Every structure is written in structure tokens, then in C-alpha cells.
Amino acid sequence: MADWGPVVIAVVLFVLLSPGLLFQLPGKGRIVEFGNMQTSGVSILVHTIIFFALITIFLIAIGVHIYSG
């Protein structure tokens, strides 16, 4: 049995937290911009910190496991 929990959580968070896809924090003109498909170095850093915090919470603190087979 393979544990697919970390893979699924990481892929979903990666897609949702891609800067400029759904939202960008901080934006170029505002604090939060939605769907502008642009990015900056600061927003990449902020989204990386948010990704690390959420994946740590989901995988270590909560312990999400998805088994197949």
C-alpha cells in the first residue's frame, strides 16, 4: 500500500498557491490581486512561506494519509 497523502496535498497546494494564478500576495498595485497572471520576487517568497506552513500543518500536525490498493 502506498501513502499518497503527501503527494496529493503537495500538488493541490502547489497549484492553489502558484503566484498570480488564483491570487497574488502582495500584488503590484494592491495588497492582494486576483487572477492577474503576473508575479514578482516578493510574492514568490510570500507564497513559498505560506506553502511551507500549510504543508507542515497538513502532513506533520494533522497527519493526512491516503492509501491505495
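Everything numeric in this text was worked out from a predicted model, so none of it was measured. (Residues numbered from 1 in each chain as written. Predicted model: local features only at pLDDT ≥ 70, side-chain atom pairs only at ≥ 80, totals over all residues. Heavy atoms only, no water.)

Caption draft 1: Highlighting the overall build of the protein. Scanning the protein from N- to C-terminus turns up two helices and four strands. Reading the protein from its N terminus to its C terminus gives the helix and strand order β-α-β-β-α-β. Against the compact-globule benchmark of 11 Å for 69 residues, the protein has a radius of gyration of 14 Å, which places it well outside the compact range. For the C-alpha atoms alone, the extent of the protein along its principal axes is close to 50 × 20 × 15 Å. In the protein, which comprises 69 residues, the proportion classed as buried is 17%. As displayed, the protein offers around 4,800 Å² of accessible surface, 77% of which is attributable to carbon and sulfur atoms. (Helix = DSSP H or I, 4+ residues; strand = E, 2+ residues; numbered from the N terminus. Rg over C-alpha atoms; globule rule 2.2 N^0.38 Å. Buried < 20%, exposed > 50% of the residue type's maximum accessible area, 1.4 Å probe, protein only. Areas by Shrake-Rupley, 256 points an atom, 1.4 Å probe, with all protein chains shown as cover.)

Caption draft 2: Region of interest: the environment of Leu-16. Structurally, Leu-16 can be placed in helix α1 (residues 5–16). With a relative accessible area of 41%, Leu-16 lands in the partly exposed category. In this structure the C-alpha to C-alpha distance between Leu-16 and Ile-62, which are 46 residues apart in sequence, comes to 20 Å. Filtering out sequence-adjacent residues up to four positions away, Leu-16 remains in contact with Leu-22 and Phe-23. (Contact = heavy atoms within 4.5 Å.)

Caption draft 3: Just the packing of α1 against helix α2 (residues 41–62), in detail. Interhelical geometry of α1 versus α2 gives an angle of 155° and a closest axis separation of 10 Å. Judged on the interaxial angle alone, α2 and α1 are roughly antiparallel. Here the hand of the crossing between α1 and α2 comes out right-handed. Listed contacts from α2 to Gly-5, Pro-6, Ile-9, Ala-10, Leu-13 and Phe-14 of α1 are Phe-51, Leu-54, Ile-55, Phe-58 and Leu-59. Across the contact of α1 with α2, the residue classes tally to ten nonpolar, one polar and no charged. (Axes fitted to C-alpha atoms, helices over the stretch in contact; angles between N-to-C directions. Parallel < 35°, antiparallel > 145°, perpendicular 65-115°, else oblique. Left-handed = near helix turned anticlockwise from the far one by under 90°. Nonpolar A, V, L, I, M, F, W, Y, C, P; charged D, E, K, R; others polar.)

Caption draft 4: Region of the structure containing the UniProt feature "transmembrane region" (unreviewed entry) in the protein. The sites that UniProt annotates as "transmembrane region" (unreviewed entry) are residues 6–23 and 44–67. In this annotation, residues 6–23 is assigned 61% helix and 6% strand; the end-to-end C-alpha distance for the span is 23 Å. The span residues 44–67 is 79% helix and 4% strand, and its two end C-alpha atoms sit 32 Å from each other. (UniProt positions renumbered as here; feature names shortened; annotations may be inferred.)

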